[in-house]
Structure formats: structure tokens, C-alpha cells
Amino acid sequence: MNLMQTDMPATATNVAALDTIVYAIGQSAIGNILAARSDIGVCAILIGSDADALEQDLGHRFPGKMLVEDEPALRYDLAALARFIETPATGLDLALDMRHGTPFQQQVWAALRAIPCGAAITYTALARRIGQPDGARAVATACAANTIALGIPCHRVVRTDGTLSGYRWGAERKRTLLDKEATI
């Protein structure tokens, strides 16, 4: 389906491309997964039970963007995500677009990406790692703002006593992911 008029000037086409996000929804062992890509990389990985709710969530997270469902364009990403959930040792090597966070959120997300599969870290330790020793709550808020589940592994953050804390996609999914990663 062609969404662009061919008689648009090149600059308008470029602007429209920057405002387009393609997405698709697939199945995984932990529920539906919505993967979305901008022109830079994966900008959202959303997990849930209801595909319609995932699409609505995507629209709320990217207001003003043109959202285009395109399963063939996201087939590789969806397969990589399903493979990672089943076998975390395979890793998840997807180009990410993390521009949609504040500088602080991006700093937290970069630190999260450095946590190896099979490891966990506390909010306090993560705050210290980024040079904010009193910033555990701010780190938790940045984790909650993460739109790229699995790609930015906020599921690897636990409370100081090692117990699970909230997870946007559900505590049971967090437990499943951590249990799978622990077998590596």
C-alpha cells in the first residue's frame, strides 16, 4: 500500500519518512509482541495479551507519527524476539532507536543494555553505576518509561533484597524472562 504521493517534493518525502513507524504483532511464549521500527531502528517492543491494546499503546507513545502495519518488514525482528525469549543465549542484536527518551532516560537505558544476559542489578546499584547514587527512584521511573522491552532489558532490575519489583509488562513475564536467562 502506497501511503505517499509520488508528486511530493523530495524534502516532503524525507520528512514523511521520518514521521513513519512500521509495526507488526507476533506471538511468543510470553504473549503478543508488537515490534515497531523507525527509519533508525527498533523504537518499540511492547508485550501483552491483547493485540488491539498494544496498537493503542503504540499510538499513545508516538503521537503525531504515521503508524503503518507491515508484517513482512518486521518478520525478522519478530522472529529474533521470539527466539530470544525461548533461548536468551542467542542474544538480541537489533538496531535500536532510543531517541524518544530524555537524556537521563537514555543514560539509564544504555546502562541497562550493558547488563549481561543472566545477570540482574538493583535499582540502587544501577543508579550508582550511572553516577547518581541517590537516584534509585529516578532510575525506576526511567525503566518504566522504556518502550523497547527486551532490547533495553529493564526486566533485569530487581529490588535491593533481590525480589521482583513492578514490570510494565507484568510480574509473571518478568519472572519468566529472568528464569529463562538464569539457565544460561
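Residue positions are given per chain, counting from 1 as you read along its sequence in written order. In view of the model being predicted, local features appear only for residues whose pLDDT reaches at least 70, and side-chain atom pairs are presented and counted only at 80 or more, with totals across whole chains, interfaces and linings using the full set of residues. Computation of side-chain values: all heavy atoms of the structure, hydrogens and water removed.

## Here's the deal with the sheet that holds strand β2 (residues 31-37)
Strands were regarded as paired on the criterion that DSSP finds at least two bridges between them. We count a stretch as a helix when DSSP gives it H or I for four or more residues in a row; a strand needs E for two or more, and each element gets its number in order from the N terminus. Pairing is mixed in the open sheet, where four strands are placed in the order β3-β2-β1-β4. The two strands at the open ends of the sheet, each matched to only one other strand, are β3 (42-48) and β4 (66-69). The sheet shows a mean angle of 25° between the axes of neighbouring strands, taken without regard to direction. The sheet contact formed by strand β1 (residues 20-28) and β4 spans four bridges and is parallel. Residue pairing for β4: Ile 21 is matched across the bridge by Leu 67. All axes here are fitted lines through C-alpha atoms, helices being fitted over the stretch that makes contact, and every angle between N-to-C directions spans 0 to 180 degrees.

## Some points on the nonpolar core
To define a nonpolar core, start from buried Ala, Val, Leu, Ile, Met, Phe, Trp, Tyr and Cys residues and group those joined through side-chain atoms within 4.5 Å. Accessible area is worked out with a 1.4 Å probe on protein chains only. A residue is then buried under 20% of its type maximum, exposed over 50%, and partly exposed in between. If you look at the biggest cluster of nonpolar residues, it comprises 48 residues, and the most contacted ones within it are Val 108, Leu 112 and Leu 150. Elements with a minimum of two residues in this core: β1, β2, β3, α2 (51-61), α3 (71-86), α4 (103-113), α5 (123-129) and α6 (136-144). Two residues form a contact once any of their heavy atoms are found within 4.5 Å. Apart from the residues lying within four places of it in its own chain, the contact partners of Val 108 are Leu 126, Ile 130, Val 139, Ala 142 and Cys 143.

## Points about the pattern of salt bridges
Any carboxyl oxygen of Asp or Glu within 4 Å of a side-chain nitrogen of Lys or Arg constitutes a salt bridge here. One pass over the full model with this rule turns up 10 salt bridges. In this structure, Arg 37 and Asp 77 form a salt bridge, with 2.6 Å as the shortest nitrogen-oxygen distance. Of this pair, Arg 37 sits in strand β2 while Asp 77 sits in helix α3, and the two are 40 residues apart along the sequence. A relative accessible area of 3% places Asp 77 in the buried class. The salt bridge involving Asp 97 is made with Arg 99; its shortest N-O contact spans 2.7 Å. Using a relative accessible area of 2% as the deciding quantity, one classes Asp 97 as buried. Arg 99 gets classed as partly exposed once you look at its relative accessible area, which sits at 43%. Shared partners join several salt bridges into a network, and the residues in it are Asp 39, Asp 97 and Arg 99.

## Observations concerning empty space enclosed by the protein
A pocket, in this scheme, is an open set of points on a 1 Å grid over the protein atoms alone with protein on both sides within 12 Å along at least 5 of 7 lines, while a cavity is a set where a 1.4 Å probe fits but cannot get out; residues line either one if an atom lies within 4 Å of a point. Grid points are joined across faces, edges and corners, and a volume is the space filled by probe spheres set on the points. As enumerated under the stated definition, the model contains one cavity of 30 Å³ or more in all. A volume near 50 Å³ is recorded for the largest cavity. Along the walls of the largest cavity sit Cys 43, Asp 97, Met 98, His 100, Gly 101, Trp 109, Asn 146, Thr 147, Ile 148 and Ile 152, which together make up its complete lining. Looking at the lining of the largest cavity, its residues break down into five nonpolar, four polar and one charged. Gly is put with the polar residues, along with every residue not named as nonpolar or charged; the nonpolar set is Ala, Val, Leu, Ile, Met, Phe, Trp, Tyr, Cys and Pro, and the charged set is Asp, Glu, Lys and Arg.

## Some thoughts on the packing of α4 against α6
Working note: a packed helix pair is described by the angle between its axes plus the distance between those axes. For the pair α4 and α6, the least separation of the axes is 9 Å and the interaxial angle reads 85°. Put simply, α4 runs roughly perpendicular to α6. Where α4 abuts α6, its residues Phe 104, Gln 105, Val 108, Trp 109 and Leu 112 lie against Ala 138, Val 139, Ala 142 and Cys 143. Among the residues forming the contact of α4 with α6, the class breakdown is eight nonpolar, one polar and no charged. Any angle from 65 to 115 degrees is called roughly perpendicular, while one under 35 is roughly parallel, one over 145 is roughly antiparallel, and all others are oblique.

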